[in-house]
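# A look at the structure
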Amino acid sequence: MVKIAVLGYGTVGSGVVEVIGRNCADRLEVKYILDLRDFPGDPYEDRVVHDFNIILNDAEISVVCEVMGGVGAAYQFTKQALEAGKSVCTSNKELVAGHGTELLALAAAHGCHYLFEASVGGGIPLIRTINTSLASERIQAVTGILNGTTNYILSRMEREQADYAMVLKQAQELGYAERNPDADVEGHDACRKIAILSALMTGRKVDPEKIYTEGITGITLADFQFASMRQRKIKLLAMCSVQEDGKLSVLVAPFLLPGDHPLAGVNDVFNGVLITGNTLGDVMFHGRGAGKLPTASAVVADVLDCAGSQGRPVPGGWSDKEVEYAAEAETDRRFFVRARLSARREVEAAFPGGSAFGVGEIPSCEGEFGYFTAVMKEKNFEERYRKLGDAVLNRIRLA
């Protein structure tokens, strides 16, 4: 029987305890639950402790589940556990993205494991698949909808023709969005997740601070109305790809997807990830990217890997050498531009070779039109877009 400790008894922590009780009680025992609070009446109230040193100094504890979140106490406790030779399994994408290189090295140095399946895609088995089933592939690209909150908001805006503020409020009431939703809606959560996947894909460190990141706060109902005229869907994508020169192109931003794109049908709180291998081609993953039990299930799967790998390394991780980043400004793309009809000549002159649409066809957007540009470099587009000033109302990249 492998004895473990759970750090944090919130949504995910209580889910970890529940999954173990329902599915793994014959193999795993939760000996301690660390939390600042007491839980009178809880079936596990007798296992709650408030001092991490009790866990650290107990030789029976071989695996620690860090589901506290943040990079303060979670970082310190993780370091101490690894230095004591205790494996750590986590759902903490912020900690993995920011300190994963250091923590992986600590685990290797002390003969234990640092596993983080639940940090990306919730219950979708992405990391384990990349490390094992796709180990023979040279992964060339990963494109994903990695944040359930933003996908829920965009899906509702499109389906119900509702504005951003109203849908965000509903998402908060349902518990899909935090009171302060910035980490989700500004794209930071998806950024951390694509940083982790990029590092696994390349085998090198990827700094989330160096990833171009754009959220969904600028998306309006009018954008959906114009997109629908061209059978397009608006999704927040996290993307990385290895260029011919070996540099990594990586960004997070809203995109207009064709209706037949594999990710176009991923809606509500679901995540979808498209992985492209050099011999396999495309493989698609779809499932719940968040939530108590899906995320907890992934944490417990990592615990079982640790329990079954005594003295053996678990595949995964990356080196401390950082990738070389491609200049996003030099990337060739097409763009959707929503502009004032009075400025049509200026828009067409700024972006020659494109196509206008929706002129006078959307009653609620009277005096506006849509425009798809020709292929051009990001830097050239942004320079011309800025010069147009308030003649243009929004722009979204095309996939």
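Data block above holds the structure.
First things first, this report covers the structure right here in the doc. (Residues numbered from 1 in each chain as written. Predicted model: local features only at pLDDT ≥ 70, side-chain atom pairs only at ≥ 80, totals over all residues. Heavy atoms only, no water.)

## Brief notes about the overall build of the protein chain
What the protein chain contains, in helices and strands, is 13 helices and 17 strands. Taken against the 2.2 N^0.38 rule, which gives 21 Å for 399 residues, the C-alpha radius of gyration of the protein chain at 23 Å falls within 12% of a compact globule. Dimensions of the protein chain, computed from C-alpha atoms along their principal axes, come out at roughly 75 × 50 × 35 Å. Out of the 399 residues in the protein chain, the part that is buried amounts to 52%. Per element, the accessible surface of the protein chain, about 17400 Å² overall, is 48% carbon and sulfur. Counting 42 positive and 52 negative side-chain charges, the protein chain places the averaged centre of each group 4 Å from the other. (Helix = DSSP H or I, 4+ residues; strand = E, 2+ residues; numbered from the N terminus. Rg over C-alpha atoms; globule rule 2.2 N^0.38 Å. Buried < 20%, exposed > 50% of the residue type's maximum accessible area, 1.4 Å probe, protein only. Areas by Shrake-Rupley, 256 points an atom, 1.4 Å probe, with all protein chains shown as cover. Lys, Arg positive; Asp, Glu negative; His and termini not counted. Charge placed at Lys NZ, Arg CZ, Asp CG, Glu CD.)

## Regarding the nonpolar core
One finds Ile-55, Tyr-114, Phe-116, Val-142, Ile-153, Ile-194 and Ile-275 to be the most contacted residues of the largest nonpolar core, which totals 84 residues. If one sorts the elements of this core by residue count, helix α9 (residues 188–202) sits on top with 9 residues. With near-sequence residues (within four places) excluded, Ile-55 lies in contact with Ala-5, Leu-7, Tyr-32, Leu-34, Val-49, Ile-61, Val-64 and Lys-86. Counting 27 residues, the second largest nonpolar core, distinct from the first, contains Val-17, Val-19, Leu-28 and Cys-306. (Core = buried A, V, L, I, M, F, W, Y, C linked by side-chain atoms within 4.5 Å. Contact = heavy atoms within 4.5 Å.)

## A look at the layout of surface pockets
Looking at the largest pocket, its volume works out to about 1300 Å³. Per element, the largest residue contribution to the lining of the largest pocket is 3 residues, and it comes from α9. Taken together, the residues that form the lining of the largest pocket break down as 14 nonpolar, 20 polar and 12 charged. By volume, the second largest pocket is sized at about 410 Å³. Along the walls of the second largest pocket sit 24 residues, with Tyr-114, Leu-115, Val-314, Pro-315 and Gly-316 positioned nearest its centre. Of all the secondary-structure elements, those providing two or more residues to the lining of the second largest pocket are α4 (93–109), β6 (114–115), α5 (126–133) and α11 (292–307). Among the elements that make up the lining of the second largest pocket, the one with the highest residue count is α4 (5 residues). For the lining of the second largest pocket, a count of residues per class yields 13 nonpolar, 7 polar and 4 charged. (1 Å grid on protein atoms, 1.4 Å probe; cavity = no way out; pocket = protein on both sides within 12 Å on 5 of 7 lines; lining within 4 Å. Points joined across faces, edges and corners; volume = space filled by probe spheres on them. Nonpolar A, V, L, I, M, F, W, Y, C, P; charged D, E, K, R; others polar.)

## Comments concerning the packing of α4 against α9
At their nearest, the axes of α4 and α9 sit 9 Å apart, and the two run at 50° to each other. Compared by their axis directions, α4 and α9 come out oblique. In terms of crossing hand, the pair formed by α4 and α9 is left-handed. Where α4 abuts α9, its residues Lys-93, Glu-94, Val-96 and Ala-97 lie against Asp-189, Arg-192, Lys-193 and Ile-196. (Axes fitted to C-alpha atoms, helices over the stretch in contact; angles between N-to-C directions. Parallel < 35°, antiparallel > 145°, perpendicular 65-115°, else oblique. Left-handed = near helix turned anticlockwise from the far one by under 90°.)

## Remarks on the pattern of salt bridges
In the structure shown here, the tally under the stated rule is 32 salt bridges. Close ionic contact of Arg-338 with Glu-368 constitutes a salt bridge, the shortest N to O distance being 3.0 Å. You can see Arg-338 sitting in strand β13 (residues 332–340) and its partner Glu-368 sitting in strand β15 (residues 368–372), a full 30 residues away along the chain. (Salt bridge = Lys/Arg side-chain N within 4 Å of Asp/Glu carboxyl O.)

## What about the environment of Ile-216?
Checked against the element boundaries, Ile-216 lands in the loop between β8 (212–213) and α10 (221–229). Measuring from C-alpha to C-alpha, the distance between Ile-216 and Glu-186 comes to 6.4 Å, with 30 residues separating the pair along the chain. Leaving out residues up to four positions away in the same chain, Ile-216 has contacts with Thr-150, Ile-153, Leu-154, Tyr-164, Val-185 and Leu-236.

## Structural notes on α10
By the burial criterion, the buried members of α10 are Ala-222, Asp-223, Phe-224, Gln-225, Phe-226 and Ala-227. At the exit of α10 stands Gln-231, carrying a positive phi of roughly 55°.

## Here we look at the pairing of strand β11 (residues 270–277)
Counting buried residues in β11 gives 7 out of 8 residues, a clear majority hidden from the surface. Judged from the 6 bridges that link them, strand β7 (residues 139–145) and β11 form a sheet pairing that is antiparallel. Directly across from Ala-141, in β11, lies its bridge partner Thr-276. Summarising the sheet, β11 and strand β12 (residues 281–288) pair through 8 bridges and their orientation is antiparallel. Paired with Gly-277 across the two strands is Gly-281, which belongs to β12. (Pairing = 2+ DSSP bridges.)

## Quick look at the sheet that holds strand β4 (residues 61–66)
Strand order in the open sheet formed by 6 strands is β3-β2-β1-β4-β5-β6, with parallel pairing between adjacent strands. Looking at the sheet topology across the chains shown, the edges are occupied by β3 (48–49) and β6. Here strand β5 (residues 87–90) runs beside β6; their pairing, made up of 2 bridges, is parallel. Bridge pairing in β6 places Val-88 opposite Tyr-114. Across the sheet, α11 touches β1 (2–7), β2 (28–34), β4, β5 and β6, and the angle it forms with β5 is around 160°.

## As for the environment of Ile-396
Along the chain, Ile-396 falls in strand β17 (residues 392–398). We classify Ile-396 as buried; its relative accessible area is 2%. Expressed as a C-alpha distance, the spacing of Ile-396 and Thr-276, which sit 120 residues apart in the sequence, is 24 Å. Setting aside its immediate chain neighbours within four residues, Ile-396 contacts Ile-219, Asp-223, Ile-234, Pro-254, Phe-255, Leu-256, Phe-335 and Phe-336.

## A few points about helix α6 (residues 148–160)
Its 13 residues give α6 an end-to-end C-alpha distance of 18 Å, which sits within 8% of 18 Å, the value for a rise of 1.5 Å per residue. Those residues of α6 lying buried are Gly-148, Thr-149, Thr-150, Asn-151, Tyr-152, Ile-153, Leu-154, Ser-155, Arg-156 and Met-157. In this structure, the buried side of α6 is in contact with β7, α7 (164–173), α8 (182–185), α10, β9 (232–242) and β11. Among the residues of α6, the N-terminal cap falls to Asn-147, whose side-chain oxygen and the backbone nitrogen of Thr-149 are separated by 3.2 Å. Backbone geometry just downstream of α6 places Gln-161 in the positive-phi region, at approximately 55°. (Expected span 1.5 Å × (residues − 1). Polar contact = N/O pair within 3.5 Å; in protein donor to acceptor, adjacent residues only side chain to side chain.)

That's the geometry; what it means functionally is another story.
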